[in-house]
Amino acid sequence: MNPPAAANALSAECTLAARPGYEPLHTSCRRTTDLPLPHAVGILLQPRCGCTCHSRRREQS
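What you are looking at is a predicted structure, and each value in this text was computed from that prediction instead of being measured.

Draft legend 1. Region of interest: the pattern of salt bridges. One pass over the structure, following the stated rule, counts 1 salt bridge. Of the charged contacts, one joins R30 and E13 as a salt bridge, the two residues approaching to 3.8 Å between their closest N and O atoms. Of the two residues, R30 is situated in the loop between α1 (12-17) and β1 (35-36) and E13 in helix α1; the sequence distance between them amounts to 17 residues. Using a relative accessible area of 71% as the deciding quantity, one classes R30 as exposed.

Draft legend 2. Summary view of the side chain of R31. By the secondary structure assignment, R31 is in the loop between α1 and β1. Although buried, R31 forms no salt bridge, and the nearest oppositely charged side chain, E13, lies 6.8 Å from it. Of the polar contacts made by the side chain of R31, one reaches the backbone oxygen of A9; its length is 3.5 Å. Not counting residues within four places of it along the chain, the set of residues in contact with R31 comprises A9, L10, S11, Q46, P47, R48 and C49.

Draft legend 3. Spatial organisation of the environment of E23. Note that E23 resides in the loop between α1 and β1. The class for E23 is partly exposed, based on a relative accessible area of 45%. Measuring from C-alpha to C-alpha, the distance between E23 and E13 comes to 9.4 Å, with 10 residues separating the pair along the chain.

Draft legend 4. Seen up close, the side chain of S11. With respect to the helices, strands and loops of the structure, S11 is situated in the segment before α1. Residues in contact with S11, not counting those within four places in the same chain, are C29, R31 and C49.

Draft legend 5. How the structure looks around the state of the cysteines. As enumerated under the stated definition, the model contains 0 disulfides in all. No disulfide involves C14; its sulfur sits 3.7 Å from the nearest other cysteine sulfur, which is in C49. Given the relative accessible area of 1%, C14 is considered buried. Free cysteine: C29, not disulfide-bonded; nearest cysteine sulfur from C14 at 3.9 Å.

Draft legend 6. Expanded view of a nonpolar patch on the surface. Among the surface-exposed residues, L35, L37, I43 and L45 lie close enough to one another that they form a single nonpolar patch of about 340 Å² accessible area. By the secondary structure assignment, L37 is in the loop between β1 and β2 (44-46). The exposure class assigned to L37 is partly exposed, which follows from its relative accessible area of 32%.

Conventions we followed
Residues numbered from 1 in each chain as written. Predicted model: local features only at pLDDT ≥ 70, side-chain atom pairs only at ≥ 80, totals over all residues. Heavy atoms only, no water. Salt bridge = Lys/Arg side-chain N within 4 Å of Asp/Glu carboxyl O. Helix = DSSP H or I, 4+ residues; strand = E, 2+ residues; numbered from the N terminus. Buried < 20%, exposed > 50% of the residue type's maximum accessible area, 1.4 Å probe, protein only. Lys, Arg positive; Asp, Glu negative; His and termini not counted. Polar contact = N/O pair within 3.5 Å; in protein donor to acceptor, adjacent residues only side chain to side chain. Contact = heavy atoms within 4.5 Å. Disulfide = S-S within 2.5 Å. Patch = residues over 30% accessible without salt bridge, like charges linked within 9 Å, V, L, I, M, F, W, Y side chains within 5 Å. Areas by Shrake-Rupley, 256 points an atom, 1.4 Å probe, with all protein chains shown as cover.

What follows is the structure, given as structure tokens:
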């Protein structure tokens, strides 16, 4: 049995942006909000990126 995906998993862009010289890729991350599964309650199709560069304040505004 595989463990569930980590809630703080990083997007591909933010994973690469952690390497020297690729820092600007943080702005290319498209996983800034949770994407729910249509017609389902509490099931996420794609969770938001767990990178600390994406603040919840930006999501609320």
